[in-house]
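Now for the letters of each chain:
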Amino acid sequence: MSKRVPLFAANWKMYKTPADARAYVEAFAEPAKRFADRTSVALVAPFVDLPALKGALERARSAVAVGAQDCYWEVEGAFTGEVSAAMLGAMKISYCIVGHSERRRLFGETDEGVAKKTSALIAAGVTPIVCVGETLDENRAGRTRERVTQQIIAGLGHLTDAQRRDVIVAYEPVWAIGTGLADDPNTSGETIGYIRSALDGLDEARILYGGSMKPQNAFDFCCQPNIDGGLVGSASLSAEGFCELIDQGLRAYAGR
Ligand code: PGA
């Protein structure tokens, strides 16, 4: 069995109010206890939901962690609208997504920004979940390996090997996100193998697959020895569906 503890992270994107978040915890915290000793689980939510989520999970005595979806690298200052990595650390937020393809495509996130945010999060004691992935055009042109390697070196190249071991990477083919068309698990397993070999330390880091992961395909992805869980969008929006997905993933992980 792999030494790496899997992680299943729900990426809620811009869904759910604080009241919705509390209702989700009511449905999720108890069933989630059945896999608490076998995997890490995180709910990665909009900023406004974080206090409600943390409070509800604490009251439920749940081991489920809370994550944010973005941050800014400066500790504080005149940056209207931003939330710093240091502020997330002060709130004891466990994880923060960096470089999600929606942020790269819609909000101008650059590889340089990803590198700075990753460092700021590590300094603040928050584990970064660094997203990489190729577009459909890059995939069709046979440039997947080149693209993800370039993103990994740009985003994580400046870290020490020890820091890289503790970072989470999410390989998310852009064309598979929110489309219902997941990648072939073998192909993703192979791409994640390239990612692991791109920099020292990544052989021990947890690397997730993301992009239309659902209860029906989580088993096949998690059978891949290189895949340590999932970053799950649509299929995480229902507590019941997310539990089912995690059960399927862990069934595969147990057999590795
Ligand atoms: P999806 O989203 O599961 O809805 O494809 C994944 C993600 O964007 O992280």
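Residues numbered from 1 in each chain as written. Predicted model: local features only at pLDDT ≥ 70, side-chain atom pairs only at ≥ 80, totals over all residues. Heavy atoms only, no water.

### Quick notes on the overall build of the protein chain
1) Next: Looking only at helices and strands, one finds 11 helices and 8 strands in the protein chain.
2) Next: Relative to the globule expectation of 18 Å for 256 residues, the C-alpha radius of gyration of the protein chain, 17 Å, shows essentially globular dimensions.
3) Next: Reported as C-alpha extents along the three principal axes, the dimensions of the protein chain are approximately 50 × 45 × 35 Å.
4) Next: When each of the 256 residues of the protein chain is scored for burial, the buried share is 54%.
5) Next: Excluding contacts between residues fewer than 6 apart, the proportion of contacts in the protein chain whose partners are at least 24 apart in sequence is 74%.
6) Next: Accessible surface for the protein chain amounts to roughly 11,400 Å². Of this, 52% is attributable to carbon and sulfur atoms. (Helix = DSSP H or I, 4+ residues; strand = E, 2+ residues; numbered from the N terminus. Rg over C-alpha atoms; globule rule 2.2 N^0.38 Å. Buried < 20%, exposed > 50% of the residue type's maximum accessible area, 1.4 Å probe, protein only. Contact = heavy atoms within 4.5 Å. Areas by Shrake-Rupley, 256 points an atom, 1.4 Å probe, with all protein chains shown as cover.)

### A look at the nonpolar core
1) Next: Ranked by size, the top nonpolar core spans 62 residues in total, and within it F28, L43, L88, L156, V169, I195 and F242 carry the most contacts.
2) Next: The element contributing the most residues to this core is helix α11 (residues 239-254), with 7 residues.
3) Next: Dropping the residues within four chain positions of it, L88 is found in contact with F47, L50, A68, D70, C71, V83, I93, C96, L121 and V126.
4) Next: With 13 residues, the next largest nonpolar core counts A65, Y95, I129 and A170 among its residues. (Core = buried A, V, L, I, M, F, W, Y, C linked by side-chain atoms within 4.5 Å.)

### Examining unusual backbone geometry
1) Next: For K13, which is not a glycine, the phi torsion comes out positive at approximately 50°.
2) Next: Among the structural elements, K13 can be located in the loop between β1 (7-11) and α1 (18-32).

### Some points on the site of the ligand
1) Next: Taken together, the neighbourhood of the ligand is formed by 13 residues, with K13, H100, E172, G178 and S212 sitting nearest.
2) Next: Between an oxygen atom of the ligand and a side-chain N or O atom of N11, the distance comes to 3.3 Å.
3) Next: A distance of 2.8 Å separates an oxygen atom of the ligand from a polar side-chain atom of S234.
4) Next: Among the residues forming the shell around the ligand, the class breakdown is 4 nonpolar, 7 polar and 2 charged. (Near = heavy atom within 4 Å. Polar contact = N/O pair within 3.5 Å; in protein donor to acceptor, adjacent residues only side chain to side chain. Nonpolar A, V, L, I, M, F, W, Y, C, P; charged D, E, K, R; others polar.)

### Describing the sheet that holds strand β6 (residues 168-171)
Across a sheet, paired strands are connected by hydrogen bonds in the backbone, their directions being either parallel or antiparallel.
1) Next: Pairing within the closed barrel is parallel, and its 8 strands lie in the order β1-β2-β3-β4-β5-β6-β7-β8. Strand-to-strand twist of the sheet, defined as the mean angle between neighbouring strand axes without regard to direction, takes the value 25°.
2) Next: With 2 bridges connecting them, strand β7 (residues 206-210) and strand β8 (residues 229-232) associate as parallel partners. Looking at the pairing, G210 lines up with L231 of β8.
3) Next: Against the sheet, α11 touches β1, β2 (40-44) and β8, its axis set at about 155° to β1. (Pairing = 2+ DSSP bridges. Axes fitted to C-alpha atoms, helices over the stretch in contact; angles between N-to-C directions.)

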